[in-house]
Amino acid sequence: MSEELNKNSYSADSIQALEGMEHVRKRPSMYIGDIGVRGLHHLVYEVIDNSIDEAMAGHCEKIDVFINEDNSLTVRDDGRGIPVDMHKKEGVSALEVVMTKIGAGGKFDKDSYKVSGGLHGVGVSVVNALSKHLKATVYRDGKIWEQEYEFGKAIYPVRLIGESSERGTEVTFWADDSIFHTEIIFNYDTLSARLRELSYLNKGLIISITDYRNKDDEGAFINETFKSEKGLVEFIEYLDGTRERLTSGVISMEGDKGGIPVEVAMVYNTSYNENLHSYVNNINTHEGGTHLAGFRRGLTTTLKKYADSSGMLDKLKFDIAGDDFREGLTAIISVKVAEPQFEGQTKTKLGNKEVTAAVSQAVSEMLTNYLEENPNDARIIVQKVILAAQARHAARKAREMVQRKSVLSIGGLPGKLSDCSETDPSMCEIFLVEGDSAGGTAKQGRDRNFQAILPLRGKILNVEKAMQHKVFENEEIKNMFTALGVSIGTEEDSKALNIEKLRYHKVVIMCDADVDGSHIATLILTFFFRYMRELIEGGHIFIATPPLYLVKKGQKKEYAWDDNQRDMIVQKMGGGALIQRYKGLGEMNAEQLWDTTMNPEFRTLRQITIDNLTEADRVFSMLMGDEVPPRREFIEKNAVYAKIDA
Ligand code: 0RA
């Protein structure tokens, strides 16, 4: 206490800064979203964002990311280098201000075009506050400077350590394991997917990632370098690569509309899904917002106008709705907004009103040109829209059937459902079980107080390839809707989901631990991803993990989930242990299934989360689409379990 008072050099501002850093450590989730795996990776994005800002200001061409052997992480750029000279107001170097003051960002450089920023756009000082150690190195004006920090506090003033003709900033941080509720281990695929995305969103920028923890077959560290010359056009080709293209080229535009940089790329494919991905300042806006509204408006008005004047709609007996223009459409919208207002539950919905008109105008101009110059494609698109409208009318009838059933609630519950007695949804679980026989075992093994069982017949419908009305007519899918108590579709938005009446807060997919089982689990996940994504986003979807082996000796019984575990148990039990390989759930009796897979005390449920929505979309279309080679490659790369990070 008295020590604080004696430090006369501490200005009121630096004490406030200290409090800011303390606050970050006390309430980390307010700054990085959560303190799990997602929040940990958010630290990386936050550091990279500073380098991206430097690139957007036109001063940086290359960003290198290194996952170090000890799971510290390094980001290096070839920008101007964070200034190290004395900051007049703060009395310390500018570098120290940037690193230790919450919200300092690049404030002292008003000219820089600063629009990037992570989910919350909080700045690198937040990463510093949540790191047990951080080291910043600046290459600038022929010199090398460095400063290190612990828990966000500088441990020495900026010091000169050498000379160099290089330019740039390097930050290495060791995340504080006392803050995070997860091991400090970075996931290569998660970071790589985000860096690839960033390279498409910032064309021309070179971004590399190196993993010093793992080597490939040739003994080199795992490494990828991303650089996109064509930006969103290439992003679309990557995303939609395994779908069958309907038109000749990717329709795209890039320009400035009323001071707002807008980039759009789109393509129609033969699928029945709508895939819109929108970004604001490189952030994926899951919840959409004004830019997406602008895209829809521009698309609908332009296509409608063209279709009307083409005469192709003359004999049509029914109306065309907004949805119809977006069936089989994959599009990416990226805008840069100086002062974005983010709204919505996850703060990923753009609120700035002025953006709607900017994007709408951009899309109208782009599309009008394209349709005029490509009359063949124009006809194909209008025909697709008409077919979509026809299908929508059929789908509505099918959907109304499902809804009528779910409105009847109790009486309408599927006959195959073995419900639980608890009625508070937050306490209830439902197991979606592959096959009637495993369903029967699960029914005997469960705790009927809070666990419900819905058996699903064999391979469920691949919704990736089915038209909407086929999806709603499908028996297993209808059963899932009614059992879960979820209804779908409003007048304005046929895919709007109503999950307020969700009857179980845990939905557990339980399939055999073999190739067929994973295929079925993937089919079910695809259904949730395309038709009930809110359930995944709400953390309601889980995958059960039945054991692979039973090891027995006399009365002793132990289960193993992998070969390693099996060998350890065999060794522990000594000679004469018997190993039973479970090929499916059906080989377990009710008690075994309860003990290993259903009993909350001992089971492991894998919660399904979406790391990167755009990448998840690509993976589902690839896994469930027509093309075999990319699917085989993915499954080989992710062998054992085709683990889908969705
Ligand atoms: C403000 C001013 C200047 C550089 C930067 C910020 C800067 C920050 C970061 C963070 C990571 N990499 C960065 N690179 C640059 C320099 C202004 C000038 O030189 O005139």
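Residues numbered from 1 in each chain as written. Predicted model: local features only at pLDDT ≥ 70, side-chain atom pairs only at ≥ 80, totals over all residues. Heavy atoms only, no water.

Visitor: Any details on the overall build of the chain? Residues and values, ideally.
Guide: Counting secondary structure elements, the chain contains 20 helices and 26 strands. Looking at the chain as a whole, 53% of its 646 residues are labelled buried. Restricting to contacts in the chain with at least 6 residues of sequence separation, those with at least 24 account for 69%. (Helix = DSSP H or I, 4+ residues; strand = E, 2+ residues; numbered from the N terminus. Buried < 20%, exposed > 50% of the residue type's maximum accessible area, 1.4 Å probe, protein only. Contact = heavy atoms within 4.5 Å.)

Visitor: Describe the sheet that holds strand 14 (residues 329-335), listing the residues and the values that go with them.
Guide: Strand order in this open sheet of five strands is 10-11-14-12-13, and the pairing throughout is mixed. Of all strands in the sheet, those with a lone pairing partner are strand 10 (251-257) and strand 13 (283-284), marking the two edges. This element, helix 8 (residues 232-239), spans strand 10, strand 11 (260-268), strand 12 (275-280) and strand 14 of the sheet and lies at about 145° to strand 14. (Pairing = 2+ DSSP bridges. Axes fitted to C-alpha atoms, helices over the stretch in contact; angles between N-to-C directions.)

Visitor: Summarise the nonpolar core; cite the residues concerned and give the values.
Guide: Among the nonpolar cores identified, the biggest contains 51 residues, and Ile430, Leu432, Leu484, Ile509, Phe527 and Phe528 are the most heavily contacted of them. Of all the elements, helix 15 (residues 515-531) adds the most residues to this core, at nine residues. Every residue in contact with Leu432, bar those within four places of it in the chain, is listed here: Leu454, Leu456, Met480, Val507, Val508, Ile509, Met510, Ile524 and Phe528. Counting 50 residues, the second-largest nonpolar core is a separate cluster that includes Val24, Leu134, Val171 and Ile207. (Core = buried A, V, L, I, M, F, W, Y, C linked by side-chain atoms within 4.5 Å.)

Visitor: Help me get a handle on helix 17 (residues 563-573), residues and values and all.
Guide: Within the sequence span of helix 17, burial applies to Arg566, Ile569 and Met573. Buried residues of helix 17, seen end-on, are gathered within an arc of 65° and therefore sit on one face of the element. Opposite its buried face, helix 17 presents the exposed residues Asn564, Met568, Gln571 and Lys572, each directed more than 90 degrees away. Structurally, helix 17 contributes buried residues whose contacts are with strand 23 (549-553), strand 24 (556-560) and strand 25 (578-581). Structurally, the start of helix 17 carries an N-cap: the backbone nitrogen of Asn564 is 3.2 Å from a side-chain oxygen of Asp562. (Arc of directions from axis to C-beta. Polar contact = N/O pair within 3.5 Å; in protein donor to acceptor, adjacent residues only side chain to side chain.)

Visitor: Can you break down the site of the ligand residue by residue, with the values?
Guide: As a structural note, the neighbourhood of the ligand is formed by 11 residues, with Asn50, Glu54, Asp77, Ile82 and Arg140 the closest of them. Note that a nitrogen atom of the ligand is positioned 2.7 Å from one of the side-chain N or O atoms of Asp77. Within the side chain of Arg140, one N or O atom sits 3.1 Å away from an oxygen atom of the ligand. The protein chains hide 78% of the 450 Å² of surface that the ligand would expose on its own. (Near = heavy atom within 4 Å. Areas by Shrake-Rupley, 256 points an atom, 1.4 Å probe, with all protein chains shown as cover.)

Visitor: Got a sec to walk through the packing of helix 12 (residues 436-445) against helix 18 (residues 590-598)? Specific residues and values, please.
Guide: The interhelical angle for the contact between helix 12 and helix 18, taken along N-to-C directions, is 80°, at an axis separation of 8 Å. Taken together, the axis directions place helix 12 and helix 18 in an arrangement best described as roughly perpendicular. In this structure, helix 12 contributes Thr441, Ala442, Gln444 and Gly445 to the contact, and helix 18 contributes Ala590, Leu593, Trp594 and Met598. For the contact of helix 12 with helix 18, the class distribution of residues is five nonpolar, three polar and no charged. (Parallel < 35°, antiparallel > 145°, perpendicular 65-115°, else oblique. Nonpolar A, V, L, I, M, F, W, Y, C, P; charged D, E, K, R; others polar.)

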